[in-house]
Structure formats: structure tokens, C-alpha cells
Amino acid sequence: MSSSGTIIPSSFELPDFYHFPPFFTIQPVLSTREKQLGQWRELLLKYHTDLKITTLILHECPLWKNNDINRQLTKEEIQIVVDDLITSGYGEWEDEHTKTRVRILWRKPEQLASDIYDWAVANGYVNSICTVYELHSGEDVNGMSFQGVDEELLRRALGVLEGQGKCALFQGETSEEDGIKFF
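Rules behind the numbers
- Residue numbers restart at each chain and count upward from 1, following the sequence in its written direction.
- Selection of residues for local features in this predicted model requires a pLDDT of at least 70, selection of side-chain atom pairs for listing and counting requires 80 or more, and totals for whole chains, interfaces and linings are taken over all residues.
- Computation of side-chain values: all heavy atoms of the structure, hydrogens and water removed.
- We count a stretch as a helix when DSSP gives it H or I for four or more residues in a row; a strand needs E for two or more, and each element gets its number in order from the N terminus.
- Remark: exposure states derive from per-residue accessible area (1.4 Å probe, protein chains only) relative to the maximum for the residue type, with buried under 20%, exposed over 50%, and partly exposed in between.
- Here a residue-residue contact requires only that any non-hydrogen atoms of the pair lie within 4.5 Å.
- His is not counted, nor are the chain ends; Lys and Arg add positive charge and Asp and Glu add negative charge.
- Charged groups are reduced to one reference atom each: NZ for lysine, CZ for arginine, CG for aspartic acid, CD for glutamic acid.
- Here a polar contact is taken to be a pair of N or O atoms separated by no more than 3.5 Å, where protein atoms must pair a possible hydrogen donor with a possible acceptor and residues adjacent in sequence count only if both atoms sit in side chains.
- Each nonpolar core is a collection of buried residues, namely Ala, Val, Leu, Ile, Met, Phe, Trp, Tyr and Cys, held together in the definition by side-chain atoms within 4.5 Å.
- Geometry of aromatic contacts follows a simple scheme: Phe, Tyr and Trp rings, the Trp one being its six-membered ring, pair when their centres are within 6.5 Å, and the pair is stacked under 30 degrees between planes, edge-to-face over 60, tilted otherwise.
- If DSSP finds at least two bridges between two strands, the strands pair.
- Axis lines are fitted through C-alpha atoms, for helices just across the contact stretch, and the angle between N-to-C directions can take any value from 0 to 180 degrees.
- One fewer than the residue count of a helix, multiplied by 1.5 Å, yields its expected span.
- In this description, the arc belongs to the directions extending from the helix axis to the C-beta atoms.

## What about the overall build of the protein chain?
- Looking only at helices and strands, the protein chain has five helices and eight strands in total.
- Shown N-terminal to C-terminal, the secondary structure of the protein chain runs as helices and strands in the order α-β-β-β-α-β-β-α-β-α-α-β-β.
- Projecting the C-alpha coordinates of the protein chain onto the three principal axes gives extents of approximately 55 × 30 × 30 Å.
- For the protein chain, buried positions account for 39% of its 183 residues.
- Restricting to contacts in the protein chain with at least 6 residues of sequence separation, those with at least 24 account for 57%.
- Mean positive and mean negative side-chain charge positions of the protein chain (17 and 29 charges, respectively) differ by 6 Å.

Quick look at the structure:
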């Protein structure tokens, strides 16, 4: 449970390093700190991806505190971890001025674009059309890295593919009905 009362679901398996007390103190030695921040990135991405959470609300994240070992990150340390996540390209501020909410980029737009195109090729969607809704929530995308992804991130990935000449976007009646033709 975190200080906000949010509980880590029992379905989410925490890595061993989460139970190591020094993990909750930002390390002063640069090489150790880089490894530690990499572990925080990995943990935050896995947590948000596995639970299909697209926004990290800083004061509600239960990962910052481990009651089992009586350790937690300070506000300054949380800021260091989040700044690293953003600098690494896996997050961006939703509220640039107050800095309380981070959009989690489960995968970078370029990685997602590659996953989407591989899916389109493997499932016979080249030279045919599907909708944004089908890419986001359709039966054919169960278990794919882009299933349930934030719509803005999905559209950025499609923009990458469009820029590569691998798809074209067509406007529908609603944003969910927008079409994508793969080449």
C-alpha cells in the first residue's frame, strides 16, 4: 500500500530488486545510479503495461513505497526517477506546469510502429483497411503490444508508418472509425 492508500494488485509480480532496501535510495555512484534508474524504468513500464495503465499519477503510484521493508522514495527521488523515464523516451508530462501526471509510453512510437506493421503483414492487412478501433481493441490484436495503448501514442505510431510510406490514414465519422490502409 502507498501513502495514498493505493495497493499494488496481487496479480502483479514484483521483481526481487524491489525488496532490496538500497533500491529506495538514489545511489550516489553514477554507474550504480544508472543501473538503478534502469530498474525503476523497467518496473514502471512493466507495471503500467501489465495493468494497462496509461497515466502515472505521481502522488498515487504505489510503487514508490514498500511497506514490507519500511522504505520509500522521497519526493526528490521520485522526481529523479520520473525525469529519467521521460528523458529515456518512455514518458511525457501531461501537465507540463504542475508535473503531477506522466503519459506512459509503453513502447516508443517507432517500436510500436514496427509492431503494428509486423502484425499487419502477419495477419493479411497489407493492401486492405482496418479501423483505429480494430487496432486498439479488436479481437485480432489480443496480446499485441499495442492492444489498449493510449490512442495518442497509437496515432503517433501510425504517423511513423505513414511517414515511411507503409500506411495511409483515412478520416471516418469518429476518431475510432478512422481507417488505416497498409502498404
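## Quick word on the side chain of Asp178
- Its place among the elements puts Asp178 in the loop between strand S7 (167-170) and strand S8 (179-182).
- In this structure Asp178 comes out as buried when scored by relative accessible area, which is 13%.
- Polar contacts involving the side chain of Asp178 include one to the side chain of Arg155, which spans 3.0 Å.
- Aside from chain neighbours lying at most four places away, what touches Asp178 is Cys130, Thr131, Val132, Arg155, Phe170, Gln171 and Gly172.

## Some points on the nonpolar core
- Trp40, Leu63, Trp64, Ile116, Trp119, Leu135 and Phe182 are the most contacted members of the largest nonpolar core, which has 50 residues in total.
- Looking at this core, the elements that each hand over two or more residues are helix H1 (30-50), helix H2 (75-87), strand S5 (101-104), helix H3 (109-122), helix H4 (132-137), helix H5 (151-163) and S8.
- Leave out the neighbours within four places in its chain, and Leu63 touches Ile8, Leu14, Tyr18, Phe24, Trp40, Leu43, Leu44 and Tyr47.

## Thoughts on the packing of aromatic side chains
- Evaluation of the coordinates by the stated rule reveals 11 aromatic pairs.
- When the centroid spacing of 5.6 Å and the interplanar angle of 45° are considered together, the rings of Trp40 and Trp64 count as tilted. Placement of Trp40 in helix H1 and of Trp64 in the loop between strand S1 (55-57) and strand S2 (65-66) is noted, with a sequence separation of 24 residues between them.
- By relative accessible area, which is 0% here, Trp40 ends up buried.
- According to the relative accessible area criterion, Trp64 is buried, its value standing at 5%.
- Site record: aromatic cluster; members linked through ring pairs are Phe17, Tyr18, Phe23, Phe24, Trp40 and Trp64.

## Notes on the sheet that holds S8
- Pairing is antiparallel across the open sheet formed by three strands, whose spatial order is S6-S8-S7. Across the chains shown, the open sheet's two edge strands, defined by having one partner strand only, are strand S6 (129-131) and S7. The average angle at which neighbouring strand axes cross in this sheet is 25°, direction not considered.
- Where S6 lies against S8, three bridges are found, and the strand directions are antiparallel. What sits directly across from Cys130, in S8, is Ile180.
- Along the sheet, H5 makes contact with S7 and S8, crossing S7 at roughly 125°.

## Quick word on the pairing of S8
- Here S7 pairs with S8 via four bridges, running antiparallel. When the sheet's bridge partners are listed, Leu169 is paired in S8 with Ile180.

## Observations regarding H5
- Over its 13 residues, H5 extends 18 Å from the first C-alpha to the last, a length consistent with the 18 Å expected when each residue adds 1.5 Å.
- Listed in full, the buried residues belonging to H5 are Leu153, Leu154, Ala157, Leu158 and Leu161. Buried positions in H5, seen along its axis, are confined to an arc of 140° and lie on one side of it.
- The inward-facing, buried residues of H5 abut H3, H4, S7 and S8.
- Of the residues that open H5, the one with a side-chain oxygen 3.2 Å from the backbone nitrogen of Glu152 is Asp150.
- Looking one or two places after H5, you find Gly165, whose phi comes out positive at around 75°.

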